[in-house]
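What the coordinates show
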Amino acid sequence: MSVAADASNPLIAVRGIVKDFAATRALDGVNLDIRAGEVLGLVGENGAGKSTLMKVLGGIETPTAGSVSIDGHIMNLRGPADAQRLGIAMIHQELNLVDELTVADNIFLGRERVHVGAGRWFVDRAVTRAGAWKWLAEISADIDPDTPVKRLSIAQKQMVEIARALSCDARVLIMDEPTAVLTARETTALLAEVRRLRGRGVAIVYISHLLGEVLGVCDRVVVLRDGRLVTVVTPGELGTGHVAEARLASLMVGREMADHFPPREPSRPGVVLEVKGLSVAGRVEEAGFTLHDGEILGFAGLIGAGRTELAEGIVGLRRVAFSDGGGITLSGKPLKIGDVRDSVEAGIAYLSEDRKGHGLVLGMGVAENTTLAALRGFCRPLIDRGAEEVVTAEYVRALSIRVGGLRDRIDTLSGGNQQKIALAKWLQTGPKVLILDEPTRGVDIGAKEEIYRHIQMLTRRGVSCIVISSELNELLGLCHRVIVMRRGRIAATLDGAAATEEGVMYHAAGVGATDAMGDA
Amino acid sequence: MSDTPTPSQPRPFRRWLDRLPQWAGPLAALMLLVIYTVAHEFLRGGGLAFLRPENLINIVYQWSFVGIIAIGMTLAMTLGGIDLSVGSLVAFIGGLGIWVMNTVITAPGIIQSVRESAEIGITPDYGAFRAAMAHAFVSIGVGGSEAWGAAAGMAVMLVVGPLAGLLHGVLIAKGRISPLIVTLGGLAAYRSLAQSLVDGGEFRSSSPVIFGYLGQGGIPLFGGLRLPYPVIFFALAAVAAYVLLNRTRYGRYVTAIGCNERAAVYSAIPVGRIKMLTYTLVGLASAVSALLVSSRMNSVSSGQTGLFYELDAIAAVVVGGTRMRGGAGTIAGTVIGVLMLGVIGNMLNMLDAPVYLQGLVKGVVIVAAVLVQRRDGRES
Ligand SMILES: Nc1ncnc2c1ncn2[C@@H]1O[C@H](COP(=O)(O)OP(=O)(O)OP(=O)(O)O)[C@@H](O)[C@H]1O
Ligand SMILES: [Mg+2]
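So, a few notes on the structure that sits alongside this text.

Reading the values: rules and limits
Residues numbered from 1 in each chain as written. Chains lettered and ligands numbered in written order. Predicted model: local features only at pLDDT ≥ 70, side-chain atom pairs only at ≥ 80, totals over all residues. Heavy atoms only, no water. Helix = DSSP H or I, 4+ residues; strand = E, 2+ residues; numbered from the N terminus. Buried < 20%, exposed > 50% of the residue type's maximum accessible area, 1.4 Å probe, protein only. Contact = heavy atoms within 4.5 Å. Areas by Shrake-Rupley, 256 points an atom, 1.4 Å probe, with all protein chains shown as cover. Lys, Arg positive; Asp, Glu negative; His and termini not counted. Charge placed at Lys NZ, Arg CZ, Asp CG, Glu CD. Donors = N, O, S within 2.8 Å, 3.2 Å for Na, K, Ca; no water. Near = heavy atom within 4 Å. Polar contact = N/O pair within 3.5 Å; in protein donor to acceptor, adjacent residues only side chain to side chain. Nonpolar A, V, L, I, M, F, W, Y, C, P; charged D, E, K, R; others polar. Pairing = 2+ DSSP bridges. Axes fitted to C-alpha atoms, helices over the stretch in contact; angles between N-to-C directions.

**Describing the overall build of chain B**
Scanning chain B from terminus to terminus reveals 16 helices and 4 strands. Principal-axis analysis of the C-alpha atoms places the extent of chain B at approximately 95 × 65 × 35 Å. Residues classed as buried in chain B amount to 51% of the 380 residues present. A separation threshold of at least 6 residues defines the contact pool for chain B, and within that pool the share at least 24 residues apart is 78%. Counting only carbon and sulfur atoms, one obtains 67% of the accessible surface of chain B, whose full area is about 17,500 Å². Here chain B holds 26 positive side-chain charges and 17 negative ones, and the gap between their average locations is 14 Å.

Pasting the structure below:
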């Protein structure tokens, strides 16, 4: 099935790879060639086996059967160190940074820059910092190398991950959903870098659920379904624009794809949530907005615009200050900001953008995570495990979550399926106001549609939603109005005809858009 | 399609292994130990001394005091915490309880002795506080009563233990001090308190009969055997903690906090309250243990009682498969861990191992037991 025949000497040749996890067959005889100087796209539904295949190449998972050859020699990768030695660098789907270390130290973790000569036992701070600057600048990331990673937003952390992978000077660079949390500006910079690397003969594997991106940058695209390689196509074969995306999506899911934004229903006039003059020290300044009954309100902005911080402030995860006359009212009553528990009690749920760090308890099972925020409803007074499983099974069906068993540990799920459980957890709290921060991060195109439909169904039932997303299409297709934030302030509220891609970009970057790009 | 099992199932033995509960390893080790001991005894011509019911009951009896604490420790360690103060707390609580009990029972004597000292102009044997307590007990009509004395002593223990635990919990949850530090402080402080109450000596009970009942008595079984009450308390504690950890909201939250505290905060879990409750429960376990151990000996040595309980309890918990980092705890494992420590000691005695080498054997077994459990390599 592979079109490898025409390439005489692939850098990496994957042959008959099978990977079993207990009862799950994640990969089922995959053959694949990766050539120097090409960008190879890898697409497939959540749980199709993309990350697992890449982990095999990265030496993290040992295949049950099959072989990997590099430069024509069969290699037995025993760990990430082996892969690194062979020139394979990897950006994982989930972040793997050490929170307490600085950005620069993280970038060179395990490959510390040391002094020469007698000082070789000591890290050379100046060289480390300069190296970090260089790689961050390469991808236009405006991050100080001396900041501790724990102070960065998730998108900034992703940029650090990318810089780290680039700094390896690898021959093969594997990128597992590098842009899922990045906004258009960072994505553009990253794709430019990818093209530069290709020009230098680096082989790049690019995994993404953003098919437009894949079609734009890749030379060949591999489609995986249920652990099998379905086909390899070149973007040219699929046509252009939305047609090409729709065709690729159909190949992924194995059926025709409809338009993925169901029609919006009008919101109702009543105001559910009103925020006035809210500030979060150093992150958000005097933000104010209203959310109507049954409305889906989008928040757009670049990295560091303060959208997540604003949401975290509203639900009591960050200390907030109000200007005179400011405050939050929920259904007309002033809302006292305490901690998250008060917010949940009051009917506000917040899905965090960081599913690994904040969203899920990775050591626990699927059902345990689903019910965690609404556990009281399952206690009579002992936990009713049966009811728990019924509810979980319901979400698994509704959001087409791919799981082995309902009590399987959540970290055995693929990234996109974990995201769906994180979402289910908050849906289960039955909120009045649902704040979703990157709700479809890493979710495949078919499941996105189901999530959009679910959100709309909720608004019909009287729930109002705030959606923060780095994906402009999602905001424009799903939301009634889009608020654009820039550097901690609300720059514009767009609705109707004004809510266009250009409009959002214009306000997100500011009037002096070129300045904003320039100082990165 | 990955939700239907694939037809070819690789390495069935591995899959079978993966399904076993965490405590299967320790249980297997325990069986091996038992079999080895039995065989050795038998070949030596010693018959089946080890397997005799009184020997087995005795092992559990001796270890039930640590066992009850280990049950509480399992909760703390699942939470991602630890409690080093338990051993000292046992000495302090036990001593304090006996001290109060003695004050009740000997109240008339205390009053008389104080009065006589005053008459002949020497310093009394008892401080003003204790004399005042004695007066109070006499005035409410319980002074001199052995039953009331024992009841008061036990009540004090059951109140002070959880209070001490709550104090730890507050310092950890509200003061944001690491549990290791807080309870390390407790380890030093409580023993010192106990010793200062009796100048480093012993708290000897003035209750000849009643106070010793719980620690020394038991339910008669067949053939003159008795099931000692401490063993029953150990079993009850294990069952209660099992239900708590696996079937209640509290237990679910403990596990969640131990796994990922930040996610727990984001999930609107009352993290502070859960921590305070957990350390309070550890304090309660220490109190029950103190009550039983002081009752059993009918005295408390301020320097020796409860010594190294914290280490034995932690050893039992980790041998049983609970992770030091939190998030995964099994009560069944802890019970097996306690039994294993008991069996090792008993076995070494039967094999006439040199006394001074017993600690070495224990240490090796603990480390080895934890080593073989590391099936999920990445997680440890
Ligand atoms: N450690 C594991 N234990 C058990 N099953 C696993 C494990 N890791 C992955 N799986 C299973 O293997 C399958 C493939 O997972 P993988 O992470 O490769 O999917 P993916 O294509 O990367 O999906 P996504 O788009 O959601 O990231 C899934 O069904 C998943 O549940
Ligand atoms: Mg993946």
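**Digging into the coordination of the magnesium ion (ligand 2)**
Residues and elements named next belong to chain A. Within the protein, the magnesium ion (ligand 2) binds to Ser 51 (OG) and Gln 93 (OE1); these donor distances fall in the range 1.9 to 2.1 Å. Within this pair, whereas Ser 51 is found in helix H1 (residues 50–57), its partner Gln 93 is found in the loop between strand E6 (88–91) and helix H3 (103–107), the two being separated by 42 residues in sequence. The residues Ser 51 and Gln 93 share a single accessibility class, namely buried.

**Digging into the site of ligand 1**
Neighbouring ligand 1 are 21 residues; Lys 50, Ser 51, Thr 52, Ser 414 and Gly 416 of chain A lie closest to it. Each of chains A and B places residues near ligand 1. In this structure, an oxygen atom belonging to ligand 1 sits 2.6 Å away from a side-chain N or O atom of Ser 414 of chain A. For ligand 1, the protein covers 90% of the area, taking 640 Å² as the surface of the free molecule. Residue assignment for the shell around ligand 1 shows that the elements contributing at least two residues are strand E2 (24–34), H1 and helix H14 (415–427) of chain A. A class-by-class count of the residues in the shell around ligand 1 yields 4 nonpolar, 14 polar and 3 charged.

**Some thoughts on helix H17 (residues 501–509) of chain A**
Restricting attention to buried positions, one finds in H17 of chain A the residues Gly 503, Val 504, Ala 508 and Ala 509 of chain A. Note on H17 of chain A: the residue one or two positions beyond its end, Gly 510 of chain A, has a positive phi of about 90 degrees.

**With respect to the side chain of His 209 of chain A**
Residues and elements named next belong to chain A. For His 209, the position within the fold is in the loop between strand E8 (203–207) and helix H7 (211–217). Reaching out from His 209, the side chain makes a polar contact with the side chain of Asn 46 at a distance of 3.3 Å. Of note is the side chain of His 209, whose polar atom sits 3.2 Å from the side chain of Glu 177. Every residue in contact with His 209, bar those within four places of it in the chain, is listed here: Gly 44, Glu 45, Asn 46, Lys 50, Glu 177, Met 252, Gly 442, Val 443, Asp 444 and Lys 448.

**Quick word on the sheet that holds strand E9 (residues 220–225) of chain A**
Residue and element names in this part refer to chain A. What the 6 strands build is an open sheet, ordered E6-E7-E8-E3-E9-E10; its pairing is mixed. One side of each edge strand has no neighbouring strand; the edge strands of this open sheet are E6 and strand E10 (228–233). Averaged over all neighbouring strand pairs, the angle between strand axes comes to 20 degrees, with direction disregarded. Across the sheet, helix H5 (residues 154–166) is in contact with E6 and strand E7 (172–176); its angle to E6 comes to roughly 175 degrees. Contacts between helix H6 (residues 184–199) and the sheet are confined to strand E3 (39–44), E7 and E8, with E8 contributing the most and set at about 150 degrees to the helix.

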